[in-house]
Structure formats: structure tokens, C-alpha cells
Amino acid sequence: MDKSKRPFLKSKRSFRRRLPPIQSGDRIDYRNMSLISRFISEQGKILSRRVNRLTLKQQRLITIAIKQARILSSLPFLNNEKQFERTESTARTTRGLRPRKK
């Protein structure tokens, strides 16, 4: 079969190359909160390498920096603001509970 008559020929579209999320001058450090905060979800989880578009080495360094910042209390382990609001409204009362039978 000729190459020109292939049914599943991909079209050659031009694409715009995305800029890397970490520039060469950026230091990956636990004190660089503006850089670290870009790689954390709203819930406080570390985003995956696929989402971040980082290299393996950069992802390891980011993960270590985030963990160091959490240990030094620069960064919370969890972002519980939404969860805290939900638990206040669904707080249990002890009035409706029956005593246990022995």
C-alpha cells in the first residue's frame, strides 16, 4: 500500500511548545513559597509529575522541598478550610443517642 493512501495518516499540525514550569534560574528550595505553591492542589496535595510537566529530578526536588516546608510549618499538611465548614454543620449531638445495654 502506498504511503499516500494510508487511511490513518496523521495530519501535520503545528503546535506551540509550552514553557517549562521551572526556569533555569529558579531555585527549588523549601523557602521559595511562590514556586512551591504552584505544585500543590487546593486540598494541599502534591500534584503529579504529569500535571506539573516536570522532569523526574525536578519532581523529586519539589516533593522534598514541600515536605521540608510542611515539617517547618511554612506550609500546612492539609487545607481543611472546606472540610472544617462541613463538619461544623453536621456536628453530632449526644441527646439522640441511647445508652448501651450491658
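Within any chain, residue numbers begin from 1 and follow the written order of that chain's sequence. In keeping with the predicted nature of the model, local features appear solely for residues at pLDDT of at least 70, side-chain atom pairs appear and are counted solely at 80 or more, and the whole-chain, interface and lining totals rest on all residues. For side-chain calculations, the full set of non-hydrogen atoms in the structure is used, while hydrogens and water are omitted.

1. A few points about the overall build of the protein chain
Consideration 1: In this text, helices come from DSSP runs of H or I with a minimum length of four residues, and strands from runs of E with a minimum of two, each type numbered from the N-terminal end. Each helix and strand in the protein chain was counted, giving four helices and zero strands.
Consideration 2: Mapped from its N terminus to its C terminus, the protein chain presents α and β elements in the order α-α-α-α.
Consideration 3: Only protein chains enter the calculation, and the probe is 1.4 Å; a residue is then buried if its accessible area is under 20% of its type maximum, exposed if over 50%, and partly exposed in between. Counting the 102 residues in the protein chain, one finds 18% classified as buried.
Consideration 4: Put simply, of all contacts in the protein chain between residues at least 6 apart along the chain, 49% involve residues at least 24 apart.
Consideration 5: Methods summary: accessible areas were calculated by the Shrake-Rupley approach with a probe of 1.4 Å, and residue burial reflects only the protein chains presented. Total accessible area computed for the protein chain in this model is approximately 10,200 Å², and 52% of it derives from carbon and sulfur atoms. Contact between two residues is taken to exist if any of their heavy atoms lie within 4.5 Å; hydrogens are not considered.

2. A closer look at the pattern of salt bridges
For side chains of opposite charge, pairing can occur when their charged atoms come near one another.
Consideration 1: Each reported salt bridge corresponds to a side-chain nitrogen of Lys or Arg within 4 Å of a carboxyl oxygen of Asp or Glu. Using the criterion set out here, one finds one salt bridge in the structure.
Consideration 2: For the salt bridge of R31 with D29, the shortest nitrogen-to-oxygen distance reads 2.8 Å.
Consideration 3: By relative accessible area, which is 15% here, D29 ends up buried.

3. Some points on unusual backbone geometry
Consideration 1: Residues other than glycine seldom take positive phi values, yet R53 does so here, at roughly 60°.
Consideration 2: Assignment of secondary structure puts R53 in the loop between α2 (49–52) and α3 (56–71).
Consideration 3: On the basis of relative accessibility, which here comes to 40%, the residue R53 falls in the partly exposed class.
Consideration 4: A positive phi angle, near 65°, is found at S73, a position not held by glycine.
Consideration 5: Turning to its location among the elements, S73 is positioned in the loop between α3 and α4 (81–89).

4. Observations concerning the nonpolar core
Consideration 1: Residues I22, L35, I36, F39, I40, L54, I62, A65, I66, A69 and L75 constitute the largest nonpolar core, which totals eleven residues.
Consideration 2: Looking at this core, the elements that each hand over two or more residues are α1 (33–36) and α3.
Consideration 3: Ranked by residue count, the leading element in this core is α3, at four residues.
Consideration 4: If sequence neighbours within four positions are ignored, F39 has contacts with P21, I22, K45, I46, L47, N52, L54, I62 and I66. The criterion is simple. A nonpolar core is a set of buried Ala, Val, Leu, Ile, Met, Phe, Trp, Tyr and Cys residues joined through side-chain atoms within 4.5 Å.

5. Examining the environment of Q43
Consideration 1: Along the polypeptide, Q43 turns up in the loop between α1 and α2.
Consideration 2: For Q43, a relative accessible area of 48% gives the class partly exposed.
Consideration 3: Sequence separation between Q43 and N80 is 37 residues, and the spatial gap between their C-alpha atoms is 7.3 Å.

6. A closer look at the confidence of the model for the protein chain
Consideration 1: For the protein chain, per-residue confidence averages 79 on the pLDDT scale, and residues scoring 70 or more make up 70% of the total.
Consideration 2: For every residue, the predictor states its confidence as a pLDDT score lying anywhere from 0 to 100. Per-element confidence in the protein chain is highest for α3, whose mean pLDDT is 94, and lowest for α4, whose mean pLDDT is 53.

7. Looking at a nonpolar patch on the surface
Consideration 1: Residues I71, L72, F77 and L78 make up a contiguous nonpolar surface patch of roughly 470 Å² in combined accessible area.
Consideration 2: The topology assignment puts L78 in the loop between α3 and α4. Each patch groups residues whose relative accessible area exceeds 30% and which form no salt bridge, using 9 Å between like charges and 5 Å between nonpolar side chains of Val, Leu, Ile, Met, Phe, Trp and Tyr.

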